[in-house]
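For reference, the chains in residue letters:
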Amino acid sequence: MNEEHKNSGFKTPENYFEGFNDRLSERLKEDESTLPENAGLKVPEGYFDSLNEQITDKLQQTTSTKVVKLYPHRKYYLAAAAIAALFILVLGIQQFGDKELTFDSLANSDIENYLDNTDLGLSSYEIAEVVALDDIAIDNILEHELIEESIIDYLDENVDDFDELNLELDE
Amino acid sequence: MIAEETLVQQLKEKDSQSQAFEVLINTYKERLYWHIRRIVLNHDDADDVLQNTFIKVFRNIEGFKGDSKLYSWMYRIGTNEALSFLKAKTRKLGVSNEEMQERMVNNLEADVYFEGDEIQLKLQKAIAILPEKQKLVFNMKYFDELKYEEISEILETSVGGLKASYHLAVKKIEHFLKEEQ
């Protein structure tokens, strides 16, 4: 396996690596959830030896190749378009200039819509990392009564099995 | 090993440039290769992306201000190159991201440069279904053995967020491996 190992300042007991594979195999048998230590990927023989030359060649090729422009007059069109865009922008600013856009001017529905439809890539753990506990409006939940309909809607959407709730009949 | 600042300086000067570039490649080629390979999975693709990464580094070294470490900067370029490469390939094939990931893992079974056993293949399948960020964090932490602080500098994400992503990734992978058994 052509894996590389990083020296992170740690050291190992003597002959640790010699017996590692066997110990790992044993461990794999014992603990079914243990993840394998490497990814099983390998490289062609001598790949890293010839890599420098390949990169240098490629770099020289890309440097010496003369670029032939497909649209030699394109820059003039772009310049004209840029001037036109600037003109429109100036007119726009003059017309709507006094209305300053702030966070408050966004409708709540727009914000909710944005959050619903945008993959922010944040998990609840990550959100918890950045939002301090004090900022979470817990009072909103504790001090305001929820509309019954909302509770039923929530349970309907989020609970698979109502038996799990252990509801008494008279509740 | 040559100090990073000196290397950067030499890379920026015409006279010492080519020799310094050689040193740069020798120092980082394997680390970057494995990082990229774990994203694109296939050797030929990794080779393409790695070469492009070094070429980008060379062309943009003038603009490197030293605000982050050189290797973090290179890792970032490598990561972006690998992800852009995959996106372009996905677009070209006209498939969804999920389909693309599935294809990539399925191709591993016939890949001569994959010598993983059943559990390693399953691990790749589990990694393939993770969201992009969790996948990156898992690979960098688990296989590249980078520290959270280093990953934080490369991905420009908070250490707390990274820890959460890694924790979730491990849980999902363990769950997947158990389900598959």
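Residues numbered from 1 in each chain as written. Chains lettered and ligands numbered in written order. Predicted model: local features only at pLDDT ≥ 70, side-chain atom pairs only at ≥ 80, totals over all residues.

### Looking at the overall build of chain A
No. 1: Counting its secondary structure elements, chain A contains 7 helices and 0 strands.
No. 2: Ordered by position from N to C terminus, the α and β elements of chain A give α-α-α-α-α-α-α.
No. 3: Burial statistics for chain A: of 171 residues in total, 3% are counted as buried. (Helix = DSSP H or I, 4+ residues; strand = E, 2+ residues; numbered from the N terminus. Buried ≥ 20, exposed ≤ 12 C-beta atoms within 10 Å, placed from the backbone.)

### Some thoughts on unusual backbone geometry
Residue and element names in this part refer to chain B.
No. 1: With a phi angle near 70°, L41 is a residue other than glycine that sits in the positive phi range.
No. 2: Here L41 lies in the loop between α2 (14–40) and α3 (43–60).
No. 3: Even without being glycine, E145 reaches a positive phi, approximately 55°.
No. 4: Mapped onto the secondary structure, E145 falls in the loop between α7 (132–143) and α8 (148–155).
No. 5: Judged by local crowding, E145 falls into the partly exposed class, with 13 C-beta atoms found within 10 Å.

### Quick look at the packing of α2(B) against helix α4 (residues 70–93) of chain B
All names here are of chain B.
No. 1: Between α2 and α4, the least distance of the axes is 10 Å, while the angle of their chain directions is 30°. Classed by the angle they form, the pair α2 and α4 counts as roughly parallel. For the element pair α2 and α4, the recorded crossing hand is right-handed. The residues of α4 that touch α2, namely those facing Y28, L32, H35, I36, I39 and V40, are Y71, M74, Y75, G78, A82, L83, F85 and L86.
No. 2: Counted by class, the contact of α2 with α4 contains 12 nonpolar, 2 polar and no charged residues. (Axes fitted to C-alpha atoms, helices over the stretch in contact; angles between N-to-C directions. Parallel < 35°, antiparallel > 145°, perpendicular 65-115°, else oblique. Left-handed = near helix turned anticlockwise from the far one by under 90°. Contact = placed C-beta atoms within 7 Å. Nonpolar A, V, L, I, M, F, W, Y, C, P; charged D, E, K, R; others polar.)

### Digging into the nonpolar core
All names here are of chain B.
No. 1: If you look at the biggest cluster of nonpolar residues, it comprises 47 residues, and the most contacted ones within it are I25, I36, V40, L50 and V137.
No. 2: Per-element tally for this core: the top contributor is α2, with 11 residues.
No. 3: In terms of domain composition, this core takes at least three residues from each of domain 1 (1–95) and domain 2 (116–181).
No. 4: Contact partners of L50, with chain neighbours within four places excluded, come to L32, Y33 and I36. (Core = buried A, V, L, I, M, F, W, Y, C linked by C-beta atoms within 7 Å. Domains from an automatic or database assignment.)

In short, shape yes, function no, at least from these values alone.
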